[in-house]
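Fold and geometry: a report
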Number of protein chains: 2
Amino acid sequence: MKRYGSVIQVHPHKIEEYKRLHANPWPEVVDAIREVNIANYSIYLRKLPDGNHYLFSYFEYVGSDFAGDMARMASLEVIQKWWGLCKPCHAPLPDRAEGEWWACMEEVFHTA
Amino acid sequence: MKRYGSVIQVHPHKIEEYKRLHANPWPEVVDAIREVNIANYSIYLRKLPDGNHYLFSYFEYVGSDFAGDMARMASLEVIQKWWGLCKPCHAPLPDRAEGEWWACMEEVFHTA
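Here we summarise the structure given alongside this text.

Calculation rules
- Residues numbered from 1 in each chain as written.
- Chains lettered and ligands numbered in written order.
- Predicted model: local features only at pLDDT ≥ 70, side-chain atom pairs only at ≥ 80, totals over all residues.
- Heavy atoms only, no water.
- Core = buried A, V, L, I, M, F, W, Y, C linked by side-chain atoms within 4.5 Å.
- Buried < 20%, exposed > 50% of the residue type's maximum accessible area, 1.4 Å probe, protein only.
- Helix = DSSP H or I, 4+ residues; strand = E, 2+ residues; numbered from the N terminus.
- Contact = heavy atoms within 4.5 Å.
- Pairing = 2+ DSSP bridges.
- Buried area = accessible area lost by both parts, 1.4 Å probe.
- Salt bridge = Lys/Arg side-chain N within 4 Å of Asp/Glu carboxyl O.
- Polar contact = N/O pair within 3.5 Å; in protein donor to acceptor, adjacent residues only side chain to side chain.

A short note on the nonpolar core
- Tyr18, Ile38, Tyr41, Ile43 and Leu55 of chain B are the most contacted members of the largest nonpolar core, which totals 26 residues.
- The dominant element in this core, judged by the number of residues it contributes, is strand E2 (residues 38-47) of chain B, at 4 residues.
- Every residue in contact with Ile43 of chain B, bar those within four places of it in the chain, is listed here: Glu106, Glu107, Val108 and Phe109 of chain A together with Tyr18, His22, Leu55, Phe56, Ser57 and Trp102 of chain B.
- Counting 25 residues, the second largest nonpolar core, distinct from the first, contains Leu21, Ile38, Phe59 and Trp102 of chain A.

Right, here's the structure in full:
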């Protein structure tokens with residue numbers, strides 16, 4: 001199992017829409033998340049001192065081919081439709097790594 | 001089980017010290033964390049677009065008296081010594097709730 005923490009900004013005028021979508025995610029999206037071996041997936045929201053709102057995600061990847069599973073997820077029609085609603089809510093970090101949407105964070109501590 | 005996500009700023013000149021401390025936490029601190037029913041505890045680090053560095057924590061509380069367990073942890077001598085090293089690294093969010101050091105974030109999504 002590998003843990004992933006990542007961060008993205010959310011546009012202020014899209015916060016309520018984003019929360020509404022994620023309070024009742026489409027069952028097919030939840031199924032897809034599980035099917036690509038993502039487990040224990042949480043997203044948190046907080047306004048930070050710069051006045052912007054950020055989303056922080058934490059999930060556990062329980063498969064053996066992360067890149068393959070992520071590519072498979074991205075190819076699903078239901079996920080493309082879901083992202084079509086989610087991505088306009090996001091303002092990705094300018095210094096994210098190439099190929100990233102959510103920017104990966106560095107894990108500096110873990111206890112089981 | 002209840003999940004907690006929280007955030008705090010870290011002073012730039014203290015980042016390396018914070019990472020060094022948390023790469024090899026004192027065994028008594030790890031024992032105390034478990035003993036107060038905190039599980040699956042991760043801390044992530046990321047520089048955000050405001051130029052500041054933030055720490056994001058995620059843990060799972062598996063006990064039945066969170067306030068009591070947190071008070072018990074705070075009373076332990078080893079934790080007080082540990083926090084004596086960690087807290088000078090932190091710049092807590094000005095708008096955190098009363099009694100908070102790390103600021104709680106709002107969970108907007110979860111899938112098992």
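Observations regarding the pairing of strand E3 (residues 53-61) of chain A
All names here are of chain A.
- Extensive coverage of E3 is indicated by the burial of 9 of its 9 residues.
- Neither face of E3 is exposed, since His53, Leu55, Ser57, Phe59 and Tyr61 on one face and Tyr54, Phe56, Tyr58 and Glu60 on the opposite face are all buried.
- Note that strand E1 (residues 2-10) and E3 share 9 bridges and pair antiparallel. Within the sheet, the bridge partner assigned to Ile8 lies in E3 and is Leu55.
- In this sheet, E3 lies alongside strand E2 (residues 38-47) in antiparallel orientation, the contact comprising 8 bridges.

Details of the interface of chain B and chain A
- Of the residues lining the interface, 44 residues belong to chain B; the matching set on chain A comes to 44 residues.
- It is Tyr44, Arg46 and Phe109 of chain B that lose the most area in chain B upon contact with chain A, and together they represent 21% of the buried surface on that side.
- Between chain B and chain A we count 4 salt bridges in total.
- In this structure, Lys19 of chain A and Glu106 of chain B form a salt bridge, with 2.8 Å as the shortest nitrogen-oxygen distance.
- Joining chain B to chain A, the criterion identifies 28 residue pairs in polar contact (both at pLDDT 80 or more).

Topic: the side chain of Thr111 of chain A
- Checked against the element boundaries, Thr111 of chain A lands in strand E6 (residues 106-111).
- On the basis of relative accessibility, which here comes to 4%, the residue Thr111 of chain A falls in the buried class.

A word on the pattern of salt bridges
- Under the counting rule described, the total for this entry stands at 14 salt bridges over all chains.
- Salt bridges here are not isolated pairs; linked through shared partners, they connect Glu35, Asp69 and Arg72 of chain A.

A short note on unusual backbone geometry
Residue and element names in this part refer to chain A.
- Despite not being glycine, Asn37 shows a phi value in the positive range, around 70°.
- Locating Asn37 in the fold gives a position in the loop between helix H2 (27-35) and E2.
- Positive phi, close to 50°, is recorded for Asn40, a residue that is not glycine.
- Residue placement: Asn40 occurs in strand E2.
- Residue classification places Asn40 among the buried positions, given a relative accessible area of 11%.

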